[in-house]
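Residue-level listing of the chains:
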Amino acid sequence: MTTTDDRRFEVLRAIVTDYVDTQEPIGSKALVERHQLGVSSATVRNDMAVLEAEGYIAQPHTSSGRVPTDKGYRLFVDRISEIKPLSKAERRAIMSVLDSSVDLDDVLRRSVKLLAELTRQVAVIQYPVLSSATVRHLELVAITPSRLLMVVITDSGRVEQRMVALSRDISDDDVTKLRDVFAGALDGKRLTEASAAVADVANHAPPEVSDLAIAVAAVLVETLVERDEDRLVLGGTSNLARAASDFSSDLGGMDSVLEALEEQVVVLKLLARTQRTGRVTVQIGRETKSDNLRGASVVSTAYGASGTVFGSVGVLGPTRMDYPSTIASVAAVAKYVGEVLAER
């Protein structure tokens, strides 16, 4: 970039920073007073005129200052040279909160609560996606003589429980045989490969339990196949009230954002665009491709361990957002969630 372009970007950066802090349109005089730009007010005014002509800032009212546009926020985010690290105290707090969790549900609830507090936005986290996980343990327990409880535990900490209705009574010996044959076939397999293994087990089970194996296999295949109704955990929705004035009526207002949150499929699609751990994705305004979220931004990343993605985590808030801090918080929480789940 030329020196002129660099200077204009510094003007844009100053406008974004001040507008995020004050929620007030920013004038050239305020920029010169607050920031060491090294140029005159006249030069700043000229730079603002160019930025406005190019669509990076806009004048919301006559005789007012300027505010960043979605295009301006995008340039600002794309040129964040390095993620601002969390303080040692913040990192310790994250680990302390997540380490003391008792199970997967607790980890996810604590994660969104913590992320909402760090960013003062709405936090969302996706339950671990089954198809990306491997089977850690399978258990069969006789509840009644003709009913089994089947429990599948994955390496991502997800627990699936199903009841299996049998056509006849089952003995303790039969339960042990079924458990051993299915657990042995599935242990350590990705769920994408497990369905074929289950069918093979049902076809080659010991004759005395073959009819029971078919019943167990039918329920197990349903459990292993990825379901459309992936769940989300949300936290900090009350933070939207603090930012209500950021969601203008011409963009649908805050009600439209709440509607999008209620329709979890909308948020899941946004999170699905995050496919890799360690890479934070920022979707600003119309980039979300959702009419309800034209006035919002979504900052998200994947979480997982050892190269395996379990799911995604992120925050949703107004486009007037502290992007550097938000990106750092989302990245840190995702990192620690992946580590905690991998250790369980």
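Per-chain numbering applies: the sequence of each chain, read as written, is numbered from 1 onward. pLDDT decides what is reported in this predicted model: residues at 70 or higher carry local features, side-chain atom pairs at 80 or more are listed and counted, and totals for whole chains, interfaces and linings draw on all residues regardless. Remark: hydrogens and water are excluded; side-chain values derive from all non-hydrogen atoms of the structure.

1. Section: the pattern of salt bridges
No. 1: Only one rule defines a salt bridge in this text: a Lys or Arg side-chain nitrogen within 4 Å of an Asp or Glu carboxyl oxygen. Evaluation of the coordinates by the stated rule reveals 17 salt bridges.
No. 2: With a closest N to O distance of 2.5 Å, Glu139 and Arg179 form a salt bridge. With Glu139 in strand β4 (residues 135-144) and Arg179 in helix α7 (residues 172-186), this pair connects stretches of sequence that are 40 residues apart.
No. 3: Using a 1.4 Å probe on the protein chains alone, a residue whose accessible area is under 20% of its type maximum counts as buried, one over 50% counts as exposed, and one in between counts as partly exposed. For Arg179, a relative accessible area of 22% corresponds to the partly exposed category.
No. 4: Two residues, Lys177 and Glu208, come together in a salt bridge whose shortest N-O distance is 2.8 Å. A residue pair is termed long-range when its members are at least 10 positions apart, and Lys177 in helix α7 and Glu208 in the loop between α8 (191-203) and α9 (210-224) qualify at 31 residues. By definition, any uninterrupted DSSP run of H or I lasting at least four residues is a helix, any uninterrupted run of E lasting at least two residues is a strand, and each is numbered from the N terminus.

2. Points about the sheet that holds strand β8 (residues 281-284)
Think of a sheet as strands paired side by side through backbone hydrogen bonds, with each pair either parallel or antiparallel.
No. 1: Spatially, five strands are ordered β7-β3-β10-β9-β8 in an open sheet, and the strand pairing comes out antiparallel. Of all strands in the sheet, those bounded by a partner on one side alone are β7 (232-235) and β8. This sheet shows a mean twist of 20° between the axes of neighbouring strands, independent of strand direction.
No. 2: Pairing between two strands requires that DSSP report at least two bridges joining them. Pairing of strand β3 (residues 122-126) with β7 involves four bridges; the strand directions are antiparallel. With axes taken as lines fitted to C-alpha atoms, and helix axes fitted only over the stretch in contact, angles between N-to-C directions fall between 0 and 180 degrees.

3. A few points about the sheet that holds strand β5 (residues 147-154)
No. 1: The antiparallel open sheet is built from three strands, whose spatial order is β4-β5-β6. A strand with exactly one partner marks an edge of an open sheet, and here the two such strands are β4 and β6 (159-165). Geometrically, the sheet is characterised by an average inter-axis angle of 20° between neighbouring strands, direction not taken into account.
No. 2: As judged from the seven bridges shared by β5 and β6, these two strands associate in the antiparallel manner. In the sheet register, Arg147 faces β6, and the bridge partner there is Ala165.
No. 3: Across the sheet, α7 touches β4 and β5, and the angle it forms with β4 is around 160°. A contact between two residues is defined here by any heavy atoms of the two lying within 4.5 Å.

4. Digging into the domain arrangement of the protein chain
No. 1: As annotated, the domain borders come from an automatic or database domain assignment. Under the domain assignment used here, the protein chain contains domain 1 (4-79), domain 2 (88-129 + 230-343) and domain 3 (135-226).
No. 2: The gap between the C-alpha centroids of domain 1 and domain 2 is 28 Å.
No. 3: On the domain 2 side, the residues contacting the eight residues of domain 1 number 16 residues.
No. 4: Buried area is understood as the total, over both parts, of accessible area removed when two parts are fitted together, assessed with a 1.4 Å probe. Interface area for domain 1 against domain 2, summed over the two sides, is near 990 Å², with a carbon-plus-sulfur share of 56%.
No. 5: Linking domain 1 with domain 2 are one salt bridge, by the criterion used here.
No. 6: For Arg74, the salt bridge identified is with Glu287, shortest N-O distance 2.7 Å.

5. Describing the nonpolar core
No. 1: The term nonpolar core refers to a set of buried residues drawn from Ala, Val, Leu, Ile, Met, Phe, Trp, Tyr and Cys, joined through side-chain atoms within 4.5 Å. Ranked by internal contacts, the top residues of the largest apolar core, which has 56 residues, are Leu31, Tyr303 and Tyr323.
No. 2: A per-element tally of this core places helix α13 (residues 323-342) first, with 11 residues.
No. 3: Residues Leu178, Leu186, Val209 and Val216 belong to the second largest nonpolar core, which totals 30 residues.

6. Focus: unusual backbone geometry
No. 1: The phi dihedral of Gln23 falls on the positive side, at around 60°, and the residue is not glycine.
No. 2: Within the element layout of this structure, Gln23 appears in the loop between α1 (3-22) and α2 (28-34).
No. 3: Of note, the phi angle at Lys289 is positive, near 60°, even though the residue is not glycine.
No. 4: Its place among the elements puts Lys289 in the loop between β8 and β9 (296-305).

7. Considerations on the pairing of β9
No. 1: For β9, a buried count of 10 out of 10 residues is recorded, marking the element as mostly surrounded by other parts of the structure.
No. 2: Of the two faces of β9, the one carrying Ala296, Val298, Ser300, Ala302 and Gly304 and the one carrying Ser297, Val299, Thr301, Tyr303 and Ala305 are both buried.
No. 3: Two elements, β9 and strand β10 (residues 308-318), share 10 bridges in a ladder whose sense is antiparallel. In the strand pairing of β10, Val299 is matched with Val315.
No. 4: In sequence, β9 turns back onto β10 through a hairpin of two residues, with Ser306 there showing a positive phi of about 50°.

8. Considerations on the side chain of Asn239
No. 1: Within the secondary structure, Asn239 sits in helix α10 (residues 239-242).
No. 2: Excluding anything up to four places from it in sequence, Asn239 contacts Ala116, Arg120 and Gln121.

9. A look at the packing of aromatic side chains
A ring pair, where both rings are aromatic, is described by two values, the distance of the centres and the angle of the planes.
No. 1: Planes of paired rings set the category: under 30 degrees apart is stacked, over 60 is edge-to-face and the rest tilted, where pairs are Phe, Tyr or Trp rings (Trp by its six-membered ring) whose centres lie within 6.5 Å. Scanning the model with the defined rule gives two aromatic pairs in all.
No. 2: Between the aromatic rings of Tyr73 and Tyr323, the centroid separation amounts to 5.6 Å while the plane-to-plane angle is 55°, which identifies the pairing as tilted. Of this pair, Tyr73 sits in helix α4 (residues 70-78) while Tyr323 sits in helix α13, and the two are 250 residues apart along the sequence.
No. 3: On the accessibility criterion, Tyr73 (1% relative accessible area) is buried.
No. 4: On the basis of relative accessibility, which here comes to 0%, the residue Tyr323 falls in the buried class.

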